[in-house]
Each structure stands twice: as C-alpha cells, then as structure tokens.
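# Geometric and topological summary
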Amino acid sequence: MSFKIRGIFLPYIVMVIFSSTVILWARPLPKAGDMAPDFTLEDFKGETFVLSKELKNENGVLLWFTNLCAGCKTKFPKMEEFKKQYQENGIEIIAISQLGKDKKTVEDSIRKNKLTLRFLYDPQGKVTELFSGKYVPGACPLQNIYIIQKDVKIAYANHYPGVEESEIIEQLDKIRGE
C-alpha cells in the first residue's frame, strides 16, 4: 500500500519542486519604462561594447537576429536604412548575433550584404537571456528589438519582423528630439 501511495504522489512532488524552481528562476522580461540591463560584449571587429557607456549620451536600437531566419535576413536592408536615416539624430542601430559560437556565418553575411551596422557577438547567449528569456541558439527570441533612450531606459520593446516598420519609425521619431 505505501508503495502505491508513493507512486501516486511522486509525480506531484516532482511537479511542485520543479514549479517552485521555475518560479524562483523566472523573472519578467524588460519592458518599456524599465532600465535596460547593462552588458558588455565584443563586436565583430574585436572592440568592446558596454551598453551603459555606449548609450550614455545617445539613443540606440538593439536588434537580436539570426542568419538562419529568413525574416531576419530580409530586415537587414531596412535596418541599414534606419541607420542612415537616424544616425545624424544620435540613434545607433546595433545588431546582436543569435548564432552562439558560429561567428563565421555572421561575418560572411556582413560581407556579402555590405552591412555597416555594428554587430555584437553573444556566444553564450547570456545577454540574450537578460533581454529575451531562454536562449536557444539560432532561434529568434520573442522580444528581439529594443529602443533604448540615452538614459539607458527602454522606450520600446517588440518582435521584428512582426511589428510594422511604421511603428518602429514612430518610436524612433519620439526619441529623435530628446
């Protein structure tokens, strides 16, 4: 009888322990109005990027991407347009690689597409997890575009592609004059 009871209750005990652990580890994703989590990454030129220093006096767009996603690849030209359109207004467009340790694929894509955006390298996905939750190499995070104000406060967060470019432009225009 005691073996049967243990067999019935064991799955419930495991579920309670697992749920408690997930709740303790879970934290809400950053959203508009929150301070952006600070981080340090290297770019593809080997230079160090520290969010709090780089965006101390200018606004920025952080865009997580993967070269394996057809949607991400089609949006690079638009991000280049945004860069040209907004860099004079102190808005820097920064792309962050979602390909784990696969640096060569991204470097090849940068060269092939003649991209001039600043590309950062997040080999372990630690920064990705700060902004978008669970890191899955090569997968687009649910929130992958953040517009950051010069006080390093998040002005906007969403998924791109998925959101209309007009909405991104509206958000960029809001912070342009700050």
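None of the values given here were measured: they were computed from a predicted structure. Residue numbers restart at each chain and count upward from 1, following the sequence in its written direction. Owing to the predicted nature of the model, reporting of local features is limited to residues with pLDDT of at least 70; listing and counting of side-chain atom pairs is limited to 80 or more, with chain, interface and lining totals taken over all residues. Each side-chain value is worked out from all heavy atoms of the structure, with water and hydrogens disregarded.

## So, the packing of aromatic side chains
What counts as a ring pair is set by centres within 6.5 Å for rings of Phe, Tyr and Trp (its six-membered ring), and what kind of pair is set by the plane angle: stacked under 30 degrees, edge-to-face over 60, tilted for all other angles. Tallying each qualifying case throughout the model produces 11 aromatic pairs. Taking the centre distance of 5.1 Å and the plane angle of 75° together, the rings of Phe 65 and Phe 76 count as edge-to-face. Of this pair, Phe 65 sits in strand 3 (residues 59-65) while Phe 76 sits in helix 3 (residues 70-86); the two residues are 11 residues apart in sequence, bridging distant segments of the chain. For the pair shown, Phe 65 and Phe 76 are each scored as buried. Through a chain of ring-to-ring contacts, three or more aromatic side chains come together here, namely Phe 39, Phe 49, Trp 64, Phe 131 and Tyr 146. We call a charge positioned over a ring when the NZ of a Lys or the CZ of an Arg lies within 6 Å of the ring centre and within 35 degrees of the ring normal. Sitting above the plane of the Phe 44 ring, Lys 103 keeps its charged end 5.7 Å from the centroid. Over the ring of Tyr 121 we find Lys 103, and its NZ or CZ is 4.8 Å from the ring centre. Secondary structure elements follow DSSP: runs of H or I of four or more residues count as helices, runs of E of two or more count as strands, with numbering from the N terminus. We call a residue buried when its accessible area falls under 20% of the maximum for its residue type, exposed when it is over 50%, and partly exposed in between, using a 1.4 Å probe and counting protein chains only.

## Remarks on the pattern of salt bridges
We define a salt bridge as a contact between a side-chain nitrogen of Lys or Arg and a carboxyl oxygen of Asp or Glu at a distance within 4 Å. Per the counting criterion, the structure on display carries eight salt bridges. In this structure, Lys 75 engages Glu 165 in a salt bridge whose closest nitrogen and oxygen atoms are separated by 3.0 Å. Of this pair, Lys 75 sits in helix 3 while Glu 165 sits in helix 6 (residues 165-176), placing them 90 residues apart in sequence.

## Some thoughts on unusual backbone geometry
The general pattern is negative phi for most residues beyond glycine and trans for most peptide bonds. Omega for the peptide link from Tyr 160 to Pro 161 comes to 5°, which places this bond in the cis form. By secondary structure assignment, the location of Pro 161 is in the loop between strand 7 (154-158) and helix 6. Although it is not a glycine, Lys 114 adopts a positive phi angle of roughly 50°. Checked against the element boundaries, Lys 114 lands in the loop between helix 4 (103-112) and strand 5 (118-121). Since its relative accessible area comes to 70%, Lys 114 is described here as exposed.

## Quick notes on helix 6
The length a helix should cover is 1.5 Å for every residue beyond the first. Counted at 1.5 Å a residue, the expected span for helix 6 with its 12 residues is 16 Å, and the 16 Å between its end C-alpha atoms agrees. Those residues of helix 6 hidden inside the fold are in contact with strand 3, helix 3, strand 4 (91-97), strand 6 (145-148) and strand 7. Contacts are assigned to residue pairs with any non-hydrogen atoms lying within 4.5 Å of each other.

## Observations concerning helix 4
The set of residues buried in helix 4 consists of Val 106, Ser 109 and Ile 110. Taken around the axis of helix 4, the buried residues stretch over an arc of 100°, which confines them to a single face. Of the residues in helix 4, the exposed ones pointing more than 90 degrees away from the buried face are Lys 104, Arg 111 and Lys 112. Close packing links the buried residues of helix 4 with strand 3, strand 4 and strand 5. Positive backbone phi, at 50°, marks Lys 114, one or two positions downstream of helix 4. In this description, the arc belongs to the directions extending from the helix axis to the C-beta atoms.

## Focus on the sheet that holds strand 3
Strand order in the open sheet made by the seven strands is 2-1-5-4-3-6-7, with mixed pairing throughout. Bordering the open sheet on either side are strand 2 (48-50) and strand 7, each of which pairs with just one other strand. The sheet shows a mean angle of 30° between the axes of neighbouring strands, taken without regard to direction. In this analysis, strands are considered paired if DSSP registers two or more bridges between them. By the bridge criterion, four bridges tie strand 6 to strand 7 in an arrangement that is antiparallel. In the sheet register, Ile 148 faces strand 7, and the bridge partner there is Ile 154. Across the sheet, helix 6 touches strand 3, strand 4, strand 6 and strand 7, and the angle it forms with strand 6 is around 15°. Note on geometry: axes are C-alpha line fits, over the in-contact stretch for helices, and angles between N-to-C directions span 0 to 180 degrees.

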